[in-house]
Amino acid sequence: YRRQGRMGNLLNKLLFDLYQQKFPFAYLIPVAEGIYEPYGFRMGNIRKKKMWHNMESHQEQTGAARPTLKAVKLQERNFGDYITPLLEYIQNYLEKNWDMYLNRDILYYQSLMRLLSCEGGSIFVLLEQEKIKGYGYTEQSANTALIECIVNEAYEAFFLQAICEIHNQESIEVRGNWLEVRIVDLMSMFKLLT
């Protein structure tokens, strides 16, 4: 059903509904840059692709000792234990480091977890003494790739290594996060500015 305008009609209806409800802006995370530009979206943020290899060489170069960190896969049985701290971590991290304000909630992560489980992917949190220090989710293809990675740079290498170990891989690709943003209601957006 591609190239028949179905997604375009759906997107235009969604944008109209958001405008009627006075939402200030909308964002999408497309699979490639520029997909939604015909609908008024523009690039907001790009995370560069990179491959992660050899943790030992990183530790030798930086002199970093492995802290007491562990990566935990979110599943139905432990979802309730981690969702509230995860929501707080992501909101605080994005506000502080990226000046980005998202309205992710429990339903967002429940839906994401169901979607990823159908596609062989998973949501992970990085813990240090049961406190969240990072988050990401993987997508399964020939090799597992990390799609979203929200973690402090000091912990990133350890998080990537833990994901590699869980998936029995030598390296992992951190895919680019394309973020396209569109102002939906200009006056509502101006009201957010202080």
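Described below are features of the structure shown in this document. (Residues numbered from 1 in each chain as written. Predicted model: local features only at pLDDT ≥ 70, side-chain atom pairs only at ≥ 80, totals over all residues. Heavy atoms only, no water.)

### Here we look at the packing of aromatic side chains
What characterises a pair of aromatic rings is the spacing of the ring centres plus the angle enclosed by the ring planes. Taken as a whole and judged by the stated rule, the model has 4 aromatic pairs. The ring of Y19 carries K22 above its face, with NZ or CZ at 5.6 Å from the centroid. (Phe/Tyr/Trp six-rings, centres within 6.5 Å; stacked < 30°, edge-to-face > 60°. Lys NZ or Arg CZ within 6 Å of the ring centre and 35° of its normal.)

### Digging into the nonpolar core
Residues L86, Y109, I123, Y135 and F159 are the most contacted members of the largest nonpolar core, which totals 40 residues. Going through the elements one at a time, β4 (69-73), α3 (79-98), α4 (106-118), β5 (123-128), β6 (131-139), β7 (145-151), α5 (153-166) and β8 (172-174) are the ones with two or more residues in this core. Tallying contributions element by element places α3 first for this core, with 8 residues. In this structure, F159 is in contact with A71, F124, V125, L126, Y135, G136, L146, C149 and V151, ignoring residues within four places of it in sequence. If you look at the next biggest cluster of nonpolar residues, it comprises 6 residues, including L15, L18, A26 and F41. (Core = buried A, V, L, I, M, F, W, Y, C linked by side-chain atoms within 4.5 Å. Buried < 20%, exposed > 50% of the residue type's maximum accessible area, 1.4 Å probe, protein only. Helix = DSSP H or I, 4+ residues; strand = E, 2+ residues; numbered from the N terminus. Contact = heavy atoms within 4.5 Å.)

### A closer look at the packing of α3 against α4
Running from N to C, α3 and α4 cross one another at 115°; their axes reach a closest spacing of 10 Å. The element α3 and its partner α4 pack so that their crossing is right-handed. Along the contact surface, α3 presents F79, I83, L86, L87 and I90, while α4 presents I106, Y109, Q110 and M113. For the contact of α3 with α4, the per-class residue count stands at 8 nonpolar, 1 polar and no charged. (Axes fitted to C-alpha atoms, helices over the stretch in contact; angles between N-to-C directions. Left-handed = near helix turned anticlockwise from the far one by under 90°. Nonpolar A, V, L, I, M, F, W, Y, C, P; charged D, E, K, R; others polar.)

### Observations regarding the pattern of salt bridges
Taken as a whole and judged by the stated rule, the model has 3 salt bridges. With its nearest N and O atoms 2.8 Å apart, the salt bridge here joins K13 to D17. Taken together, the residues span about one helical turn, with K13 and D17 both in helix α1 (residues 6-20) at a distance of 4 residues. The salt bridge partner of E148 is R104, with a shortest N-O separation of 2.9 Å. Separated by 44 residues along the polypeptide, E148 in strand β7 and R104 in the loop between α3 and α4 bring together distant segments of the chain. The exposure class assigned to E148 is buried, which follows from its relative accessible area of 7%. (Salt bridge = Lys/Arg side-chain N within 4 Å of Asp/Glu carboxyl O.)

### Some details on unusual backbone geometry
Positive phi values are uncommon outside glycine, yet Q129 reaches one of about 50°. Along the polypeptide, Q129 turns up in the loop between β5 and β6. Residues other than glycine seldom take positive phi values, yet N168 does so here, at roughly 50°. Along the chain, N168 turns up in the loop between α5 and β8. Exposure remark for N168: the relative accessible area of 72% places this residue in the exposed category.

Read these as geometric descriptors, not functional statements.
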